[in-house]
Amino acid sequence: MARAADPKPPWWLKPANKVFIRMSRLGLSFGGESPVVLTVPGRKSGRPRSTPVTPMTVDGREYVVAGFPGADWVANVRAAEEVTVARGRKIRRVRMVELAAEDARPLLRAFPEEVPTGVGFMKRAGLVDEGRPEEFEALAGRCAVFRLDGVQ
């Protein structure tokens, strides 16, 4: 069965992200989870670009799953040596290491339990139907998964 074209982000995502960024910078959480503001230099302009992401911790390591295949922030992260993540006023520099599809599978499978608010988002985006772990695992190779490594 041929895969449908990857969905495009909805029109409301950028304005909503601006609200989420402001909330996160104030140290507020939403949906019971604690997102961070990821800031990365634009790959063309070099200007800082920010987006809210919700890291998950698995076996003591921190990971971020891209909510859309081909997201601009993913391309920027791939081009950057390091980025910053901020939770409230606490800012830290990290390297984001993209995982191979095979290494990403168990993390994607854990995603629905680790980041429950992401399930509804990915269902509305058309990436999964029911939000079962195996549906997320099947996104390996489509949705990037990054490990966050601290920078000294």
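Numbering of residues starts from 1 in every chain and runs along the sequence as written. Totals for whole chains, interfaces and linings use every residue, but because this is a predicted model, local features are given only for residues with pLDDT of at least 70 and side-chain atom pairs only at 80 or more, for both listing and counting. Side-chain measures here rest on the full set of heavy atoms in the structure, leaving out hydrogens and waters.

Participant: Please clarify how helix H4 (residues 116-124) should be interpreted in this entry.
Facilitator: Side chains that are three or four residues apart share a direction in an α-helix, a result of its 3.6 residues per turn. For H4, the complete set of buried residues consists of Gly118, Val119, Phe121 and Met122. Segments assigned H or I by DSSP are reported as helices when at least four residues long, segments assigned E as strands when at least two residues long, and all are numbered from the N terminus. Gly126 lies just past H4 and shows a positive phi near 85°. Only protein chains enter the accessibility calculation, which uses a 1.4 Å probe. A residue is then buried if its area is under 20% of the maximum for its type, exposed if over 50%, and partly exposed in between.

Participant: How do you make sense of the nonpolar core when you look at a structure like this?
Facilitator: Here is a general trend for soluble globular proteins: nonpolar side chains tend to be buried in one another's company. Grouping buried Ala, Val, Leu, Ile, Met, Phe, Trp, Tyr and Cys residues that are joined through side-chain atoms within 4.5 Å yields what is termed a nonpolar core. If you look at the biggest cluster of nonpolar residues, it comprises 39 residues, and the most contacted ones within it are Trp73, Met96 and Met122. Looking at which element gives the most residues to this core, the answer is helix H3 (residues 101-114), with four residues. With residues near it in sequence (within four places) discarded, Met96 still touches Leu38, Val64, Trp73, Val77, Val83, Phe146, Arg147 and Leu148. Between two residues, a contact is recorded if the distance between any of their heavy atoms is within 4.5 Å.

Participant: Any chance you could explain the packing of aromatic side chains here in plain terms?
Facilitator: Both the distance between ring centres and the angle between the ring planes are used here to describe each pair of aromatic rings. Geometry of aromatic contacts follows a simple scheme: Phe, Tyr and Trp rings, the Trp one being its six-membered ring, pair when their centres are within 6.5 Å, and the pair is stacked under 30 degrees between planes, edge-to-face over 60, tilted otherwise. Scanning the model with the defined rule gives three aromatic pairs in all. Both rings, one in Trp73 and one in Phe146, keep their centres 5.9 Å apart while their planes meet at 45°; by these two values the pair is tilted. Remark: Phe146 occurs in strand E7 (residues 145-150) and Trp73 occurs in helix H2 (residues 72-79); sequence separation between them is 73 residues. A relative accessible area of 1% means that Phe146 is categorised as buried. Residues Phe111 and Phe136 carry aromatic rings whose centres are separated by 5.4 Å and whose planes lie at 40° to one another, so their mutual orientation is tilted. With Phe111 in helix H3 and Phe136 in helix H5 (residues 133-137), the pair connects residues that are 25 residues apart, well separated along the chain. For the pair Phe111 and Phe136, one class covers both residues: buried.

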